[in-house]
Number of protein chains: 2
Amino acid sequence: MGVNIKDIAKAAGVSTATVSRVISGKPGVGEETKKKIKQIIEEMGYRPNLGARGLAKRRTGNIGIVSPRQSNIVLGNPFFISILEGVSHVLDQHDYNMVLSFTLSQQKRLLETHSVDGILLFAARIGDPVLEWLDASKLPTVVIGSYQDENAYPSVRPDDEGGIYQAVKYLIAKGHTRICFVNGPLSSIKSIRCRNGYLKAMEEEKLEVTSEQIIEVPEYDVLVSLKTMNRLFKEGKFQSTAVVCASDYLALGVMKAAISNGIAIPNDLSLIGFGDVPFAELSHPSITTMHTDLKKIGSQAAQMLINEIKGKKIRKRNRVFPMELVERQSVCALKQ
Amino acid sequence: MGVNIKDIAKAAGVSTATVSRVISGKPGVGEETKKKIKQIIEEMGYRPNLGARGLAKRRTGNIGIVSPRQSNIVLGNPFFISILEGVSHVLDQHDYNMVLSFTLSQQKRLLETHSVDGILLFAARIGDPVLEWLDASKLPTVVIGSYQDENAYPSVRPDDEGGIYQAVKYLIAKGHTRICFVNGPLSSIKSIRCRNGYLKAMEEEKLEVTSEQIIEVPEYDVLVSLKTMNRLFKEGKFQSTAVVCASDYLALGVMKAAISNGIAIPNDLSLIGFGDVPFAELSHPSITTMHTDLKKIGSQAAQMLINEIKGKKIRKRNRVFPMELVERQSVCALKQ
DNA sequence: CTGAAAGCGCTTACAG
DNA sequence: CTGAAAGCGCTTACAG
């Protein structure tokens with residue numbers, strides 16, 4: 001099992017307490033002794049056992065990332081990846097490890113076995129079993145993305161409502177009036193917020209919203225979106241000249257379905273995505289979309305969690321990041 | 001800190017040893033006692049402390065996933081995501097947590113602090129500093145993907161060489177002779193293997209390979225591929241009628257560059273990708289590509305690692321998964 | 001400035 | 001079938 005603190009103490013002719021002090025940079029050790037111990041640590045290749053340290057200090061040094069969604073949907077989503085990058089950067093500076101959980105049983109274990117010091121909760125939906133375990137665990141938690149109850153945990157999220165609102169307004173400014181909205185499932189609070197943004201913009205402009213104009217796709221996934229839209233286009237009842245989507249992936253599905261049904265984008269149909277993932281720029285045509293600083297959302301959330309763990313007061317519990325429109329090729333002004 | 005094993009022991013009027021036996025399902029506890037203890041555990045909501053258990057059993061219950069590449073490149077890559085899904089599934093069954101490391105310092109900590117019981121190494125390149133730490137850590141390790149030394153660690157990987165070989169042969173069967181190859185950097189062993197497959201197929205058919213026909217892109221990334229190809233197309237010296245790529249992402253970059261330079265795919269240029277990530281099917285045109293069972297690669301690697309940790313003999317240390325061609329829309333027969 | 005000792009929460013020979 | 005005790009590798013009052 002390698003060399004431990006006792007070995008070092010013995011070799012240096014001091015107590016383990018002194019060695020421990022040197023390792024953790026605590027004051028109160030003579031320069032001479034410190035130097036000697038450091039040298040011996042180097043020579044013997046000593047590496048602290050984080051588990052043991054954790055036991056003694058009653059912390060684990062791990063942060064759990066939990067998302068109730070299927071791993072492929074979350075991890076395969078550049079949206080989350082970018083956020084994770086930000087998270088990773090901050091945890092790094094504070095010497096935390098990231099423990100990911102993709103399955104229900106992993107999440108349960110994570111939350112019930114004192115394996116982590118705090119939780120970053122992603123993409124939760126109403127009714128997710130994880131929420132109950134989380135609650136019972138009493139673990140410091142920060143939510144990333146929209147959540148049912150802003151008061152339950154501190155949170156960081158993009159301004160979903162404002163983002164969609166802006167997108168709709170932009171299309172209206174381009175002359176569109178028959179604008180439909182492709183949304184994710186309403187079990188996601190994000191979807192509800194996005195929906196509100198859409199309705200608000202339409203109402204403000206006194207544009208009628210028929211039930212066909214809100215298309216709810218059961219999952220934030222390209223393929224699901226593709227299938228749903230394919231059916232719609234084939235039925236021939238699709239009347240809109242523009243569509244706003246609650247995610248870039250949804251938009252990509254719409255685009256693919258449109259193309260294979262002979263609907264040209266943007267000439268026959270204008271399209272706006274949401275999130276600005278790398279693919280939005282790479283598709284053909286490139287997708288006009290709503291952008292926000294995902295990495296920063298991640299790093300702020302991580303920072304808040306660390307403060308929470310340290311028992312520091314959090315100034316602003318719920319942070320909302322503004323979104324801005326990125327103009328690309330998928331929108332054009334409506335021709336009369 | 002919640003209720004611990006002592007509390008349970010006291011409440012049940014037994015020793016902690018007995019409680020421990022019940023928890024870990026060890027034999028040698030009376031039915032009555034066992035029942036009683038189980039009930040009390042339930043009532044008091046006891047959850048074992050994995051850290052403490054780990055200290056006592058000299059294991060951590062964690063598996064580290066390390067990839068020397070930048071997080072966005074690895075994690076943003078559906079190729080790895082699919083593999084991770086397979087990994088996740090197996091680790092789950094064996095009650096292991098997954099600890100991810102995205103940055104150098106995280107990896108160093110992971111490898112030097114007894115934080116994990118084993119390592120799954122992804123996408124290593126020659127000269128990566130991680131390799132040295134890994135080596136020094138003496139941790140059980142399984143490599144996923146091509147690696148410099150097949151004997152160093154057990155490994156699981158797709159048949160890179162055979163895959164590219166098949167792709168080239170397929171194009172030749174379609175009448176192409178001027179076939180170029182877009183590869184990743186040669187610091188990656190995967191790239192070297194892919195290159196060999198290309199050369200082998202071309203040589204077998206006695207087709208000349210000029211130096212311009214092998215295009216080495218410095219990173220397995222869409223944008224980098226896009227830029228490189230854009231430059232090439234603009235120079236106007238591009239002579240091939242078909243291109244094989246060492247990854248779907250590379251292929252996507254080629255496609256995007258071709259389209260924006262007025263080169264139609266597949267009519268002007270046939271294109272084959274590698275890996276069959278979800279986007280290969282969703283692009284327009286959809287990409288003909290080499291497919292393999294990525295999830296299975298992940299689950300096999302995880303299983304091998306667990307066997308390694310348990311000290312079981314591994315029957316076959318280096319496993320190679322065959323690849324097969326998936327015909328889509330990005331290739332057409334050469335018109336004379 | 002330094003050490004002896006207790007403790008973190010669990011497991012596991014050993015003894016009975 | 002069960003318990004007392006030692007131990008996993010560290011930290012931290014406490015005392016000097």
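Residues numbered from 1 in each chain as written. Chains lettered and ligands numbered in written order. Predicted model: local features only at pLDDT ≥ 70, side-chain atom pairs only at ≥ 80, totals over all residues. Heavy atoms only, no water.

For chain A, an unreviewed UniProt entry supplies the name Transcriptional regulator, LacI family and the organism Desulfoscipio geothermicus DSM 3669.

*Asks:* How should I be thinking about the overall build of chain A in this particular structure?
*Replies:* In terms of regular secondary structure, chain A is built from 14 helices and 12 strands. In terms of overall dimensions, chain A is more spread out than a globule: its C-alpha atoms have a radius of gyration of 25 Å, far above the 20 Å expected for 336 residues. If one aligns the C-alpha atoms of chain A with their principal axes, the spans along those axes are about 90 × 35 × 35 Å. Burial statistics for chain A: of 336 residues in total, 55% are counted as buried. Pairs at least 24 residues apart make up 72% of the contacts formed inside chain A by residues separated by at least 6 positions. (Helix = DSSP H or I, 4+ residues; strand = E, 2+ residues; numbered from the N terminus. Rg over C-alpha atoms; globule rule 2.2 N^0.38 Å. Buried < 20%, exposed > 50% of the residue type's maximum accessible area, 1.4 Å probe, protein only. Contact = heavy atoms within 4.5 Å.)

*Asks:* What should I look at first to understand the protein's contact with DNA strand C in this one?
*Replies:* In the neighbourhood of DNA strand C, 30 residues make up the surrounding shell, with A:Arg21, B:Ile5, B:Ser20, B:Lys26 and B:Tyr46 lying closest. Sugar and phosphate atoms constitute 71% of the interface atoms of DNA strand C, taking the interface as everything within 4 Å of the protein. Taking A:Thr18, its side chain carries an N or O atom lying 2.8 Å from a phosphate oxygen of DNA strand C. In terms of residue count, the dominant contributor to the surface near DNA strand C is helix H4 (residues 50-57) of chain B (five residues). Of the residues contributing to the surface near DNA strand C, the split by class is 13 nonpolar, nine polar and eight charged. (Near = heavy atom within 4 Å. Polar contact = N/O pair within 3.5 Å; in protein donor to acceptor, adjacent residues only side chain to side chain. Nonpolar A, V, L, I, M, F, W, Y, C, P; charged D, E, K, R; others polar.)

*Asks:* How should the protein's contact with DNA strand D be read in this particular structure?
*Replies:* Near DNA strand D lie 31 residues; those nearest to it are A:Ile5, A:Ser20, A:Lys26, A:Tyr46 and B:Arg21. A share of 71% of the atoms of DNA strand D within 4 Å of the protein falls on sugar and phosphate groups. B:Arg21 is positioned with one of its side-chain polar atoms (N or O) 2.4 Å from a base oxygen of DNA strand D. Here B:Ala56 contributes a backbone N or O atom positioned 3.2 Å from a base oxygen of DNA strand D. When contributions to the surface near DNA strand D are tallied by element, the ones reaching two or more residues are helix H1 (5-12), helix H2 (16-23) and helix H4 (50-57) of chain A together with helix H2 (16-23) and H4 of chain B. Per-element accounting of the surface near DNA strand D gives the leading share, five residues, to H4(A). For the surface near DNA strand D, the per-class residue count stands at 13 nonpolar, 10 polar and eight charged.

*Asks:* Quick question: what am I supposed to make of the relation of the copies chain A and chain B here?
*Replies:* The transform that puts chain A on chain B rotates by 180 degrees and translates by 0.0 Å along the axis, for an RMSD of 0.0 Å. Here the two chains are linked by the operation of a two-fold rotation axis. Relative to the rotation axis, the closest C-alpha in chain A is found at A:Val99, a distance of 2.2 Å. (Least-squares fit on C-alpha atoms with pLDDT ≥ 70 in both.)

*Asks:* In this structure, what is going on with the environment of B:Thr292? I would like to understand it.
*Replies:* Residues and elements named next belong to chain B. Assignment of secondary structure puts Thr292 in the loop between strand E10 (288-291) and helix H14 (294-309). On a C-alpha basis, the gap between Thr292 and Thr113 in space is 36 Å, while along the polypeptide they are 179 residues apart. Filtering out sequence-adjacent residues up to four positions away, Thr292 remains in contact with Pro158, Ile297, Phe321, Pro322 and Met323. There is a polar contact of 2.9 Å between the side chain of Thr292 and the backbone oxygen of Pro322.

*Asks:* So what exactly am I meant to see when it comes to the packing of aromatic side chains here?
*Replies:* Given two aromatic rings, their pairing is described by the distance between the two centres and the angle made by the two planes. According to the stated counting rule, one finds eight aromatic pairs over all chains in the structure shown. The aromatic ring of B:Tyr165 is capped on one face by B:Lys200, whose charged end is 4.7 Å from the ring centroid. (Phe/Tyr/Trp six-rings, centres within 6.5 Å; stacked < 30°, edge-to-face > 60°. Lys NZ or Arg CZ within 6 Å of the ring centre and 35° of its normal.)

*Asks:* Explanation requested: the pairing of strand E6 (residues 179-183) of chain A in the structure shown.
*Replies:* Residues in a regular strand project their side chains so that they alternate between the two faces of the sheet. Residues and elements named next belong to chain A. With five of its five residues buried, E6 lies for the most part within the structure. Here E6 shows a buried face lined by Ile179, Phe181 and Asn183 and a second buried face lined by Cys180 and Val182. As paired elements, E6 and strand E7 (residues 214-216) share three bridges and run parallel to each other. Following the sheet pairing, Val182 is matched in E7 by Ile215. Handedness of the E6-helix H10 (residues 189-204)-E7 crossover: right-handed. (Pairing = 2+ DSSP bridges. Right-handed = clockwise from strand over helix to strand, strands pointing away.)

*Asks:* Whenever I open this one, the interface of chain A and chain B confuses me. Can you help?
*Replies:* When the parts of a complex come together, some accessible area is lost, and that lost area is often used as the size of the interface. The interface is formed by 47 residues belonging to chain A together with 47 residues belonging to chain B. Taken over both partners, the interface formed by chain A and chain B buries close to 4400 Å², and the fraction arising from carbon and sulfur atoms is 60%. When the buried surface of chain A facing chain B is broken down by residue, A:Arg109, A:His114 and A:Leu282 rank first, second and third, together holding 14% of it. Our count for the chain A to chain B interface comes out at four salt bridges. Across the salt bridge formed by A:Arg109 and B:Asp95, the nearest N and O atoms sit 2.9 Å from each other. Secondary structure elements with two or more residues in the side of chain A that touches chain B: H4, helix H5 (71-75), helix H6 (78-93), strand E2 (97-101), helix H7 (104-112), helix H11 (222-235), helix H12 (248-260) and helix H13 (278-282) of chain A. Its residues placed into classes, the side of chain A that touches chain B shows 22 nonpolar, 16 polar and nine charged. Note that E2(A) and strand E2 (residues 97-101) of chain B share three bridges and pair antiparallel. (Buried area = accessible area lost by both parts, 1.4 Å probe. Salt bridge = Lys/Arg side-chain N within 4 Å of Asp/Glu carboxyl O.)

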